[in-house]
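An overview of the molecular structure
Listed here are the chains, written in short residue letters.
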Amino acid sequence: MRHRSMLVVGIAVAGALTVSACGSRNHDTGGSSAGGQSTTVVIGVDAPLTGDLSALGLGIKNSVDLAVKTANSTNEVPGVKFEIEALDDTAKPAPGQQNATQLVADSKVLGVVGPLNSSVAQSMQQIFNDANLVEISPANTGVALSQGEKWASGTKVRPFKTYFRTATTDAVQGPFAARYLYNNAKKTKVFLIDDQKTYGAGLAATFKGEFTKLGGTIVGEEHINPDDRDFSAIVTKVKSSGADAVYYGGEYPAAGPLSLQLKNAGVAIPLMGGDGMQSDEFIKLNPKSQGDLATAVGLSVTKLPSAAKFISDYAAAGYKDPYETYGGYSYDSAWAIIQGVKAVVAANNGKLPSDARAKVVDAVQKVSFNGVTGKVSFDQYGDTTNKQLTVYKVDGGKWAVEASGTFTD
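What comes next concerns the included structure. (Residues numbered from 1 in each chain as written. Predicted model: local features only at pLDDT ≥ 70, side-chain atom pairs only at ≥ 80, totals over all residues. Heavy atoms only, no water.)

A complete count under the given rule lists 11 aromatic pairs for this structure. Ring plane angle 45° and centroid distance 4.8 Å describe the contact between Y314 and Y319, whose orientation is recorded as tilted. (Phe/Tyr/Trp six-rings, centres within 6.5 Å; stacked < 30°, edge-to-face > 60°.)

Below you can see the structure in the form of C-alpha cells.
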C-alpha cells in the first residue's frame, strides 16, 4: 500500500416522448414513486458519447442516470418523475451548440449536466442563459467560463448566471500541479506542451505562472494539434532541453502517445498533466506510463466515505462502462439540479410554477448538501466551493493517490 503524503505549505491540500436521432431519453428510471407521479422533469446530459473521449462521457451519462434512478426510487421530489436525455457532442463545440438548442426546445428539460470540454461549454453558455436553463458541468475547468475573460488580471465578472460547475478551475489546478512538481517532486526544469484547446492552453498557462513564481524554469514550449499522434519533432526538442519533467495541457488521447514516444526515445522523465489525462485510457495507450503524474479535481472517490454508496450503487446498476474521473461530480451535478427542482416545487404548493426554469436557476445557486464528492455548494461565480485536489501517479499499471489537499492562495 502506498503511503499517502500531504503537500507542502500552500496546498492545505409526461405522455409519449419523441426521441431525435442524435439523443436518447431514458425511460428506465428506477420505478415509480409513491403517490403516483404526474409531472415529468427531464435532466439533459451533454457529453462525448462517441469518439476518443467517450470513456469520460459515458461515465458522466451513467452517473447522471444513477442519480435520476435514485431520486425516482426514493420519491425525492413528490409528484415529479425524472428522466434523462443524453446527447453526444463528440467533444466538439458545434455539436454541443446544436445539442444546447435541442435541449432548450424541450420544455420538460429543467437542467443540464455537462459538458466535458471547456471549449464546448463556450458554445453553449449563451443559449442556456437566454433560456434560463441551468447548466452544471462536472468537468469544465476553464476559468473564464465562470469568472470572465479578464479574471487573470483580477477583474472577475460572472458572464452567465445559469452556468455552474462541481469541478474546480484551472486557476487552482494548474498552480496545484506546479507546487507539487516543484516542492514535492523536486523538479526545477520543465518542458511545457499544450494542445491549443481552451482547456489545455489555459491549464498550461496557470501552471507556468505558478511554476516560474516558485523559481522553476520553463526550458521549452511547444503546441500540438490534439489530433496529432506523431510527436517525433517535439521528442527531439525535449530530449535536448535538459528538462527533468514535461507538463502537458491536454487530454489522454494525445498524452498517452506523447509520453510513450518520449520513453521510447530514452527520455526517462515524468510527464504530468491535468484531469483530462487522469483516465485509465491513458495507461492503456501508454504501457510505459510508470511514474507519470496527473492532477484531478477533488479527492479520489475511492477514498471518500461519502462515495461508498455511489460506488456500490453504480456497480449494482450494471453499467458496462466505468464511472471514470467525473462520475462522482456528475452524480452531484444531477443531484444539485434535483434539489433545485425540489426547492421550487416545495415553494409552490407541490407543483412546478410556470417559470420553473428561472426559479430552478435561483434555487441551484442556494443548494448546499453533502454529496458523493463532499460538500456541494456554489460561490458567487457558480464555481464549486470545494477546492480539494489530488495528485495521482501511475504505479504498476494503475493510478495511485500520491498526494492530496486543499488549495490555498
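When two helices pack together, their arrangement is captured by the angle between the axes and the distance separating the axes. Running from amino to carboxyl end, helix α1 (residues 54-73) crosses helix α11 (residues 327-346) at an angle of 40°, the nearest separation of the two axes being 8 Å. By the angle between their axes, α1 is oblique relative to α11. Relative to α11, the crossing made by α1 is right-handed. Every residue of α11 that contacts α1 at G59, I60, S63, V64, L66, A67, T70 and A71 is listed here: G327, S330, Y331, A334, W335 and I338. Split by residue class, the contact of α1 with α11 holds 9 nonpolar, 5 polar and no charged. (Axes fitted to C-alpha atoms, helices over the stretch in contact; angles between N-to-C directions. Helix = DSSP H or I, 4+ residues; strand = E, 2+ residues; numbered from the N terminus. Parallel < 35°, antiparallel > 145°, perpendicular 65-115°, else oblique. Left-handed = near helix turned anticlockwise from the far one by under 90°. Contact = heavy atoms within 4.5 Å. Nonpolar A, V, L, I, M, F, W, Y, C, P; charged D, E, K, R; others polar.)

The next thing to look at is the side chain of T390. The topology assignment puts T390 in strand β15 (residues 388-395). For T390, a relative accessible area of 1% puts it in the buried group. Apart from the residues within four sequence positions on either side, T390 is in contact with F176, A294, T295, A296, G298, L299, S300, V401, A403 and S404. (Buried < 20%, exposed > 50% of the residue type's maximum accessible area, 1.4 Å probe, protein only.)

Take the side chain of D195 next. Position of D195 relative to the elements: it lies in the loop between β8 (189-194) and α6 (198-214). Although D195 lies buried, it forms no salt bridge, and the closest oppositely charged side chain, K197, sits 4.7 Å away as judged by the N-O distance. Filtering out sequence-adjacent residues up to four positions away, D195 remains in contact with G200, A201, I224, P226, Y248, G249, G250 and E251. (Lys, Arg positive; Asp, Glu negative; His and termini not counted. Salt bridge = Lys/Arg side-chain N within 4 Å of Asp/Glu carboxyl O.)

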